[in-house]
Each structure stands twice: as C-alpha cells, then as structure tokens.
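Descriptive structure summary
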Amino acid sequence: MTSAQPNRTGSTSSRSSSKIFGRLSNSILESAYDRYVLHTDPDSSQQQIAKIVLGLKGQPILDVGAAYGFLGRLIADRHLEIDAIEPYAPYAETSRRFYRHIYQTAVEEAPLPSETYKIIVLGDVLEHTVNPVAVLQSLRRAATPDATFVISLPNISHLSARLLILLGKFPQMDRGIFDRTHLHFYTRVTAAQMVESSGLMVLWQSVTPVPLPVILNADGGSILMRAAMLLQKILIGISPTLFGYQLLMTAKAAALVSANETLTSDLSVEDKNASQINATQAEVLSQPAPAASFNQLAPQLPITTDPKPLTITENATRTKKLAVQPKRKIVPLLFFALLLAVIVPLYPVWNQILNYSRITTIPTQKLGDLRVSGPNVRSLSGTMGITSVSNGSIYVADTNPQRLVKFTPNGSDYKIVASAGSTPGLVLPYAVASDQSGNVYVLDITSGDVFIFGANDSLIKKVPLTVSGSRAMTIDKSGNIYISYGGSGVRKFTSDLQPDGAWGGNTPVSGTILIAEVLGLATIGNDLFVSSANKFIRVDGAGKIVAEKKLIGSGGSMTSTPSGHLLTTDLPTNRIWIFDRDGNTMGRLVGKNFEEPIFFQPRGIALSQDGSKLYVANENLIGMYEFKEDAR
Amino acid sequence: MKNSISSGLAGTSVEDKPSNGQWVLLLVILLFATLAARIIPAWELHNEIFDTSTYHSMALTVLRGDNIYAQRVFFPYMPYTQFEPAAMLLLAEKMNWRFDFAIKLPSILMDCVATAGIFLHLAKKRKNLLSAFGWTLLWALNPVSILISSFHGNYMTVVPVFMLLAYLAAGKANEDAQRGWWLAISALMLGLAIVTRTWPIMVLPAFVFLGTRSLRESLMYGLIALFPTIASALPYLIFSRETFLAEISGYGGFPDFGWLSVFRTLPYISGKVPGIITSLFDDISMGYSRTLFLVSVIALTFLLPLFRPSSLGRVILLVPLFFYWIYGGVSAQYLIWVIPIAIAIKSRWSLIFTLVATITIIAFYHTYAPPILYGRFPPIKIDQNVSAQIMMFGNIALVAISFIWSMSIFAQEVIAFIQKKWSTDNSYLNWVKPLIGNVVYLSIVILIWLGLFFSSVSQIAKRLSDVMKPYGI
C-alpha cells in the first residue's frame, strides 16, 4: 500500500458534507447520527459486515459513511489498513483513531486514490445518497479491479413496512426503514438491480433481523429478547424478504467475472491468499456449494480472538461461478422430456381403471344359504357343479364328502341323492347338468363317467362319455350333451349318448373341438359357449368357433340367462361376470350397495327356471341370490 | 490438456486432464461390461419362476383389461408400473423371445444407466479417471446387481437406480446455474423410484431436508416427487379403493435375509425346530420389527436437521441400512438398495457389503430357489445343508455390517454437529424451510399409513365376518 497512498485531506466544510447525504441539513444529519449506535447483536448488520470484511481477508479497506466508526472499532484489533469517508466533522473526529485516514468530505468529492481498495463497505449509506449508482461508480474507480463491495440497505418489503403502507401510512421516523433521511427504498430485487446497474455483480445476498434490543432498549441477553430474536430468525428462514430488516450483499465488478474461471481455480487462488486453512475450511470446500442466493452467515462474530476462517470468500466465489454459468436450454428440455416420459404411462393406467369402472355393476341381494346339516351329516365342503331342474329343485355336486345333494327350491330341505360310498363307481362328482325331462347328469372328474339320475333321483345309468380331468358339462334344449374332453377340448353327444361326428372335428376323437383349459360350458339355442382360463369362445351348431374374446377376469362355470346372456364365475377374484353372446363384457354382480366381493371362491353357478334366483356354489356353501338382470 | 497421454489416467489433475477420447472409451468399456455381464446369463437361463412367473401373470391380467388389484395376482405396488410386465410380454411375443428374458431387460437397461450415471459423476471434472473407472467397474460387474437383474429377474434394481439419479441430479443442482431445473429432475427421478416400489418415500425427507434450501424448493420437490404416485393412484382410490388399498398394504416381505432369516435357517441346519413354530415366530417378529423400523425412520427424519447437506448420499443409505438390521422381512432383491449410491459416494463399505451379500444371496438361491441360479433344470444333487449354514453366517455378517455402517454414518453426522462444522452452510436459514416442508410430508406419510392400517383392519374384519358367518358366529 505504499504506491497508492491516499491524499490526506483533513477536515472539510460542513457544506460539502451535505453532498453525501443529498441536500440534508446538518441538523438533520446530527439528529440522524445520534441515533446510530453500535449493535452488539451478532446478527446485526454492523457485526455481520465486520465478519464479512474479516472473512474476505483483504486490505486496504474503505468504510464509506463511517459515522462513529463502528466498523473500525469492531476490527480495530486486527490492525488492518482501513480508511473512511465521514462528512460530519464531530463524528469524523471521534472515529479518527480507528482509521488510518479519514476523508471528511462527500464521497463524490473525496480525493480517493485510484485502484487502491480491496474492500469497500457501504453500511446503510446508499439509501441516503441522491444518486446511489453514481456513488458506486465513483467508488469503483478507487477500488482494485477485484475489490469486493459490502453493502447493507434497509428492506422496504419488511412486514412492518408492508403493513404500514397497507394501512395507507408512510411515516417519517427518526430511524429504521422509514428514517426521514432516506431518499431511496429498496427491496431485495431492486437493491440488486441498483447495485448491478453500477457495473457490479451481486455475488451474495442475505438479511438481518430487526435489532429488537436496540429498538426496545432492552437487555439483549434476556430470555425474552433471545426468544424474540430466535423467532425472528425462524421467520426469516421462512421468508427472508418479508422478515428481513436489512438487506446485506457483496458485489464485485461484473467485468471481472469471467466465464472461463472455474470453481477449483478460484478456490485455489483464495487458498493461496489465505494465511492458513484448517480442517473446517477444507471441509467446507469439499462440500456442495452453499446457498447461491439468500443465505445467512454464521451468527457469531469472532472479533476479539483469532476467528475460524470464514467461508464467505468461498461462498462468493461459488456464487460467482453459478452466476456466470451459461443457462443451457438442455436442462429444462431434459426435465420436460422426463416429465413427458412420466406422464405418458399415466394414460393407460387411467384408461385401464376407467374402462374397468365403466363395466356395469348389477346389484344383487343374498336371499339365503342352502345348507346340509343334521346328526351324523357333514356339511357342504368343496361344492362344485350346480344345476336347477324343471321342477325347481337344485342339485349340487359336493367333493368333500363326495356326493350329489338335492335341495328344495327355497333351500329349506335337502336330500343326499348319491355318494361315493353308496353309488358304485362314483368317485369325485364335479359337474352337474339337467335335461328338459328333469334327468340329472353328474360328471365324475376322476373317471370321466357320466351318472344319469331320473326325476325320482334313482340312478338310471352310468356312461363312460369322456376322459379323466374333464370338469365341464352342459345340455341344450334338444338334449345334446357337451362335455369337456380332458383339459384340451369339448365333445358333443346326441341325446342318445352317441358322439356327434358331424359336429366339430375328429381330433383327438370324433365330435370334438380343441380348446385349452375348458372350465365352463353353456348353451343358448344351437350355440355352445365355452369359458377357458382367459377366453370366451362361441361355437356354432356345426362345431365351428365363430367368436373368441379375451376375458377381463378369469373363466369359470357358466350358465345362460332367460334373456340370452351368459353368467360366468371368476373364482380367483370372487366375481361373477355377465356377457353377451359375442363375449362382450356386460357387467358383473355386486352387492345391493354395490359392494364387492359378495362371493367367496365361486365355482358352480345356476339360475332358477324362471331366472329370478341365482344359485352360486361358493367354497363350502350354496348362496341363493336375487337376480334381476335389468337392475343395472 | 498437456501431458494427457504421457501421464496416463492415474493422478490426473485440473492441469493434466485426459482427453475426451480416453473418457469416452472408458465409458464405452464400462457400458459394454455392464451389458455383457447381465445379458448373457439372462439369455442363457431359462427360469420363468418365482418373480418372473408372477410378472407373467401380471402381464396377462393387465392385457386382458382387468383391474389388477381385483385379481389375485400378487401386485402390492402402485398402478403405475403394472404395464411394465405387459409391455415386456408384448415385446417378447413380437421378438419371439422368452418372457423370462424380456422381463429382465428393463432392469438391465437401468443398470447401464446407473453405470453411466456413476461414471459421469465420479469423472465429472475428468479428474482421477482411473479411480472413477474402478469404482464404476464395481457397479458394472457387481455380482449382487447381476444376480438380481439377470438371474432373479426382479424389477427392484430399477428403484435404487432412480434414487441414484435423483441423488446425482440433486448434486448437480448445487453446481449448476440452473439449480431449479436440476432439483426438479431430481424430484422426478425420486418420484419414479417411489411410484415403482413405494418404500423410497422414506428417503424423501432426506432429499427435502438436505437437498433443498427454501420452503418453495422443498414444497416443489415434494410435489414433483409425489406426483407420479398420486397421479397413478388417484383413479384407483376413486374407482377401486378397497381392492387397491387391501392389495398394496397386504405385503410385508419374507424373512429370507436379515436377523430373522438366521432363525429361519436353523431348522435346515439342526432339523430340530418344527416349521410351524418358526412360521409363527416369523409372523410375530416381522410385525414387531416393522413397527420398530418405522419408528426408527420417523426418528431419523426428525434428526435430519442435524445432518450436513453434503452428507445427502450417506443419509439416503440410512433408511435401507436400518431396514436391513431392524426389519425381519428382507428379501434378496432388497440388498441392491444401497449399492448404487454407496458406490457413487465411493463408500468402501460397498465393497464389503457386496462381497457378503453376494455370498449370502447365492447361498439363499442355492437353498431355496435353485432354478434362479441354475435355470429350469437345477442339478439334482444340491447340498442345501451347507448352503443354509453359509446363508446363516452370511446373514449374521450382513446384519452386523448394516448396523456398523449405519452407526458410522450416524456418528459422523452427530460428531460434525457437535463440532459445529456445519454451522456456516447449515444455519437456520437452511433448515427452517425444509423443516416445515418435511413436517408436511411426514404428516402425509403418517396419514397414508394410518389410512392403510385402518383399511387393512376393516378388510380383515370383513373377511373374518364372511368366513365366520356360515357358522353363525
């Protein structure tokens, strides 16, 4: 600092002092100064500015508007080269001992040496000047090219100011945001704009809380004050612009900030300048960049002892880097591309459930259960096939124990028609069907034999019509019998129990069509309808497949309704579906309040002759339900 | 770019960057290694079994237009991913591939994405390229990842990869001028992780707390992260609430790994503990350990203000690590959760964890699911007694590693907090706003959890009522 010694000007007239604060009279200045006191709160702007200055580790420093020399006092023990501009003579004299030189003049008239100061501090000064931008520009000439400007300004968007203006008040106060000597009022954004219009670039911004102990003249160490300050900090955390009392920022010459500079090289420069780097600082450097915008410094200012190295330099450097990085369009494009990729799959997701929800639900009501009970009689367990005969009786194939049970139409009485022990050859009755004469046909899944019982429940005959593993059977109005052929097809027999060679094909045996996993059969007129594991198939009178549709649910037992539709059980999901003859899903049965599920592993299904009652062989009981197809 | 050739890759510095050619070449090598190490076993194995078989059922159900939650197909996930198996089934039919191969492709693809992500992250300044290559190779040839993606065929790999991308994007937000966009991308990636397998919602607070700096950022982050889940779940909550909630809340994992597995393996070794008692013990223990785990995660969430933003990567790992040593229902595929991010942050724990997890997973498959390792026709003679013993000791080691690892992360953060090393970049301005956001999200999570809980209780009560009704009870 020997080559750029500033000119000592001594005192200047009080007339000139008005320039720095516009056209204010000395009396106003005096009264204003009287209210400026040293703040001990570590969050105050004075303390924070001092901390920033120490953290920047640069000198010489220029303190513009030194007043009582607060900054000089705070960092006096560091023996830094610090000059000041203070137009008001009494305070310039008071402060003189804390500064190397005092320019007692307006800033525009101060004979500052060019390109000298590494740090220029403007603590609550610019708002008092007529042309803050011009002030900054003139100071830039005194600053080194890489100098840092530390600026504080009152925040006009503070809650208290907003409320007062909302109430139509714009008071002239002795101090604070509405200080009568203020010529300009700034928000966070306009403050930055003002600074940047002078050719500086804002690197870092923060706010300070309201100095409540000073305003209220209270003990800052009291619990109440500490709690109030903590609350303020929290509120500032939520909204700095609303609760920040003073705006604090650092700035550098914009031209200095080169897009080619990298964070690493910047930091390495700082590191070289620093006298020491301890572990804390090294760690901070290794961490992701701290807040690039509204951030806050650590609250405690170490001014009397050797402080921990501060990170403001790194903050500023990182911020600078972020500020000068080109904003690549690819990043928002990447986001929107990803967003699109996320949104597109939502269409089928919504479509799927909307389509499913559009399927008509047919409310039904349970009328009762058909039970087997009595001394030494085992209840139903493992019910499978079920049929309703012309006289209204219901026949059920029960697999555990193996038997054929007959119920009265209302389920009030039952009769065990046949059982594995009493009926020769009956091992595991599975499917049940009936013809127009009231004869009941029982398909044994183990042997493939069909047992035919007369209307009086006596066994008429046992016929080996199919093979083991067959589990579906139905009889049309003409008495033709359709039985699944093992697990691979359907075979048709005429009413005299002869294979119908004219129907279907000859593979693997005559009168057969090949369909995998036949689970249910039903007829309407001459057409046969088949449900397999996941398909609905319509077969015409010649045994040709004329329609095939994928099922929404799983296939199961089938029966036809008087209106010419088909009901199918869906065992895995406890549902019963209704289809039209082409396999279009028309709806599903739900409870009377549209609740689901109302069935429990439905296996067999039958409708009463008049179609008003539905009998469903649930796992271990027969449920009797009201059936109104037009209820949907 | 001086001396880039002569200096080689090791120890390269800012002034000594390798050329772009070297960098690209290494990336290509890594991608090729990732792909080859996974595609070959996926193609060679014919094992549509366990999870891949379930995925097939899901695909068939979805393609039929059915409500997957109304079906008794195992699908305790968000609706968003239901079309993934369906799409792979269509692809398999179109390309004439086996389904068990096609269904593994998304996981393999995501493994490649993770490889690229890790390498780009570790070699971002073209520094220490050899180190970046080595760490990325640990992922590219990671046996745990290969076992889960290519042998098991489980879709879980996708989740930690999305989390990794979320973490990398959050890191990028700290370095780039377009912080907001990167944070949005991070949130979107985390959202995809959440919508894929729900559990990453437990790491959302960590991202919100340590990755964002303002209330607006934290709210936006959470909103974007929850968007896919909410957007896909909404129609199901409207049109099929009961079945949807019953299905997604009805799965609690299996005690295949973790401390409970040690007890589960005992019957295999000693032959003295009746299976029924073990099963009962499983159910009870899983219930209690689930509660304990959830309490731990909630406690962790409230401790997040103590942690440093720079520790985001490590803090993310705490949730799965807690899961490993607290919860009893750890499945094989869950062990992949920590690996991608652990490698991305160059944690040496990832090495030991990978080693022990690999041995234990192989022992598990060998004992309980040989077709995963050997295909449809596993060797007839499999000594399950020995593999069960390996599994038992492997699980003890896994629990110990998870415990020590999580405690070391925790301890580092607490020590840093005590020493106030974080004070300058973690002051109140940084944590008050995310705290509020976090409380909001935690409240949402708790509400959802309570909703699921009561919904489950009502479902169980209803089912019991149905079952008991015939008996007049």
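Quick note: structure is the one above.
In short, a report on the structure. (Residues numbered from 1 in each chain as written. Chains lettered and ligands numbered in written order. Predicted model: local features only at pLDDT ≥ 70, side-chain atom pairs only at ≥ 80, totals over all residues. Heavy atoms only, no water.)

A word on the overall build of chain B. Looking only at helices and strands, chain B features 20 helices and zero strands. Long-range contacts, defined here as pairs at least 24 residues apart, represent 77% of the contacts in chain B between residues at least 6 apart. Summed over all atoms, the accessible surface of chain B reaches about 18800 Å², with 71% contributed by carbon and sulfur. (Helix = DSSP H or I, 4+ residues; strand = E, 2+ residues; numbered from the N terminus. Contact = heavy atoms within 4.5 Å. Areas by Shrake-Rupley, 256 points an atom, 1.4 Å probe, with all protein chains shown as cover.)

Attention now moves to the sheet that holds strand 11 (residues 394-399) of chain A. Sheets are built from strands that pair by backbone hydrogen bonding, the pairs being arranged parallel or antiparallel. Residue and element names in this part refer to chain A. The sheet built from four strands is open, its strands ordered 10-11-12-13 with antiparallel pairing. Since the sheet does not close on itself, it has two edges, and those belong to strand 10 (383-388) and strand 13 (414-419), each with one partner. Between one strand axis and the next, the sheet turns through 20° on average, direction left out of account. Here strand 11 runs beside strand 12 (residues 402-407); their pairing, made up of six bridges, is antiparallel. What sits directly across from Ala397, in strand 12, is Leu404. (Pairing = 2+ DSSP bridges. Axes fitted to C-alpha atoms, helices over the stretch in contact; angles between N-to-C directions.)

As a packed pair, helix 16 (residues 346-358) of chain A and helix 11 (residues 215-239) of chain B sit with axes 9 Å apart at the nearest point and diverge in direction by 5°. Considering the angle they form, helix 16 of chain A stands roughly parallel to helix 11 of chain B. Residues Leu346(A), Val349(A), Trp350(A), Gln352(A), Ile353(A), Leu354(A) and Ser357(A) of helix 16 of chain A pack against Phe227(B), Pro228(B), Ala231(B), Ser232(B), Leu234(B), Pro235(B), Tyr236(B) and Phe239(B) of helix 11 of chain B. Taken together, the residues of the contact of helix 16 of chain A with helix 11 of chain B break down into twelve nonpolar, three polar and no charged. (Parallel < 35°, antiparallel > 145°, perpendicular 65-115°, else oblique. Nonpolar A, V, L, I, M, F, W, Y, C, P; charged D, E, K, R; others polar.)

With that out of the way, let us pick up the packing of aromatic side chains. Residues and elements named next belong to chain B. Here the structure, examined in full by the defined rule, presents 40 aromatic pairs over all chains. With a centroid separation of 5.3 Å and an interplanar angle of 45°, the aromatic rings of Phe364 and Tyr368 are classed as tilted. You can see Phe364 and its partner Tyr368 sitting in helix 17 (residues 349-368), four residues apart, about one turn around the helix. Judged by its relative accessible area of 7%, Phe364 falls in the buried class. For Tyr368, a relative accessible area of 23% puts it in the partly exposed group. Put simply, the rings of Trp199, Phe293, Phe323, Tyr324, Tyr327, Tyr334, Trp337, Trp349, Phe353 and Trp405 touch in pairs and so form one group of aromatic residues. Sitting above the plane of the Tyr77 ring, Arg197 keeps its charged end 3.6 Å from the centroid. (Phe/Tyr/Trp six-rings, centres within 6.5 Å; stacked < 30°, edge-to-face > 60°. Buried < 20%, exposed > 50% of the residue type's maximum accessible area, 1.4 Å probe, protein only. Lys NZ or Arg CZ within 6 Å of the ring centre and 35° of its normal.)

Turning next to the pattern of salt bridges. Scanning the entire structure with this criterion turns up 22 salt bridges over all chains. Ionic pairing is found between Asp457(A) and Lys406(A), a salt bridge with its closest N-O pair at 3.1 Å. Here the residue Asp457(A) occupies a position in the loop between strand 16 (449-453) and strand 17 (459-464), and Lys406(A) occupies one in strand 12, the gap between them amounting to 51 residues. In terms of burial, Asp457(A) and Lys406(A) fall into one category: buried. Note that Arg38(B) and Asp111(B) form a salt bridge whose closest N and O atoms lie 2.7 Å from each other. Residue Arg38(B) is found in helix 1 (residues 20-44), and its partner Asp111(B) is found in helix 5 (residues 105-122); the two are separated by 73 residues along the sequence. Given the relative accessible area of 0%, Arg38(B) is considered buried. (Salt bridge = Lys/Arg side-chain N within 4 Å of Asp/Glu carboxyl O.)

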